[in-house]
Amino acid sequence: MVKIRDKNLPELAGIYNNGGKDALYQTLRESFGIKYPWSTLSRMKSMDSLGYDETTDRFRAEQCKQADENLFMSMDELCSPVKPQHICEDKIERNAPKAEAMEKLVKELIGDRLLELSRYVVMDTLSKTMIIDKTALTGAGYTLVTH
């Protein structure tokens, strides 16, 4: 089963406006191999971007022209510096060693702080007591604040 992409629909709307329903059905059958083209037409009519008007039985011409105008790049777009439009896994892979190094650094810093803290503080989870060596703590230059 062939699925017609949304980017092809403005062109098909132009065919409908110029040749009518029969021309559209013929194009859908011949070009896309669609057996039941009325389902595509109903999809086109329900899309707000194509702007189908029931009273005139036409799609908005400006929408069809706009799709044709966006088909090619302008000179400004061609001459401007390249902007990456798709961010792929390559960037993630390049940042992976940096992220791993950062994570390793954070773990080392946390480990150093816990090691420093374990010199002065002992926690007993069974009896739910905390023993703080205040003299060694103040001797090392720390200030103990309780609240």
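Our structure is the block above this text.
**Student:** How would you explain the overall build of the chain if you had to name every residue and give the values?
**Tutor:** A count of helices and strands for the chain gives 6 helices and 4 strands. Going from the N terminus to the C terminus, the chain shows its helices and strands as α-α-β-β-α-α-α-β-β-α. Among the 147 residues that make up the chain, the fraction classed as buried is 18%. Taken as a whole, the chain presents about 12,600 Å² of accessible surface, with 56% of it coming from carbon and sulfur.

**Student:** Could you give an account of the pattern of salt bridges, with specific residues and numbers?
**Tutor:** Counted according to the given criterion, the structure contains 2 salt bridges. For Lys 107, the salt bridge is made with Glu 103, and the minimal N-O distance between the two is 3.4 Å. Remark: Glu 103 and Lys 107 occur in helix H5 (residues 89-118); sequence separation between them is 4 residues, near one turn of the helix. A salt bridge links Glu 116 to Arg 119; its shortest N-O distance comes to 3.0 Å.

**Student:** Could you give an account of the packing of helix H1 (residues 9-31) against helix H2 (residues 38-46), with specific residues and numbers?
**Tutor:** Pairs of packed helices are described in terms of their axes, by the angle between the two and the distance that separates them. Running from N to C, H1 and H2 point in directions that differ by 150°, and their axes come no closer than 11 Å. When the axis of H1 is compared with that of H2, the two are roughly antiparallel. Our pair here, H1 against H2, has a crossing hand that is left-handed. Contacts between H1 and H2 involve Leu 9, Leu 12, Ala 13, Tyr 16, Lys 21, Leu 24, Tyr 25 and Leu 28 on the former and, on the latter, Trp 38, Thr 40, Leu 41, Arg 43, Met 44 and Lys 45.

**Student:** Quick one: what's the story with H2, residue by residue and with numbers?
**Tutor:** Residue pairs spaced three or four apart in an α-helix point in one direction, given the helix's 3.6 residues per turn. Taken as a whole, H2 has its buried residues at Thr 40, Leu 41 and Met 44. The buried residues of H2 all sit within an arc of 100° when viewed along its axis, so they share a single face. Where H2 is buried, its residues touch H1 and strand E2 (58-59).

**Student:** Which residues make up the packing of aromatic side chains, and what values do they have?
**Tutor:** Counted under the stated rule, the structure contains 4 aromatic pairs. Each ring, one from Tyr 36 and one from Trp 38, has its centre 5.3 Å from the other, and the planes form 65°; the classification is edge-to-face. We classify Tyr 36 as exposed; its relative accessible area is 53%. Trp 38 gets classed as partly exposed once you look at its relative accessible area, which sits at 48%. An aromatic cluster of three or more residues is present, and its members are Tyr 16, Tyr 52 and Phe 59.

**Student:** Account for H1, naming residues and giving values.
**Tutor:** Between its first and last C-alpha, H1 extends only 13 Å over 23 residues, short of the 33 Å set by a 1.5 Å rise per residue. Remark: the principal bend of H1, roughly 130°, maps to Gly 19. Residues Leu 9, Pro 10, Leu 12, Ala 13, Gly 14, Tyr 16, Asn 17, Gly 20, Leu 24, Tyr 25, Thr 27 and Leu 28 constitute the buried set of H1. Gly 33 sits one or two positions beyond H1 and adopts a positive phi of about 70°.

**Student:** A description of the pairing of strand E4 (residues 129-132) should follow, citing residues and the corresponding values.
**Tutor:** In terms of strand pairing, strand E3 (residues 121-124) meets E4 through 4 bridges, oriented antiparallel. Paired with Val 122 across the two strands is Ile 131, which belongs to E4. Connecting E3 to the next strand, E4, in antiparallel fashion are 4 residues, including Lys 128 with a positive phi near 55°.

Procedures and definitions
- Residues numbered from 1 in each chain as written.
- Predicted model: local features only at pLDDT ≥ 70, side-chain atom pairs only at ≥ 80, totals over all residues.
- Heavy atoms only, no water.
- Helix = DSSP H or I, 4+ residues; strand = E, 2+ residues; numbered from the N terminus.
- Buried < 20%, exposed > 50% of the residue type's maximum accessible area, 1.4 Å probe, protein only.
- Areas by Shrake-Rupley, 256 points an atom, 1.4 Å probe, with all protein chains shown as cover.
- Salt bridge = Lys/Arg side-chain N within 4 Å of Asp/Glu carboxyl O.
- Axes fitted to C-alpha atoms, helices over the stretch in contact; angles between N-to-C directions.
- Parallel < 35°, antiparallel > 145°, perpendicular 65-115°, else oblique.
- Left-handed = near helix turned anticlockwise from the far one by under 90°.
- Contact = heavy atoms within 4.5 Å.
- Arc of directions from axis to C-beta.
- Phe/Tyr/Trp six-rings, centres within 6.5 Å; stacked < 30°, edge-to-face > 60°.
- Expected span 1.5 Å × (residues − 1).
- Bend = angle between axes of the 7 residues up to and from the residue.
- Pairing = 2+ DSSP bridges.

It is worth stressing that arrangement in space is one thing and function is another; only the former is reported here.
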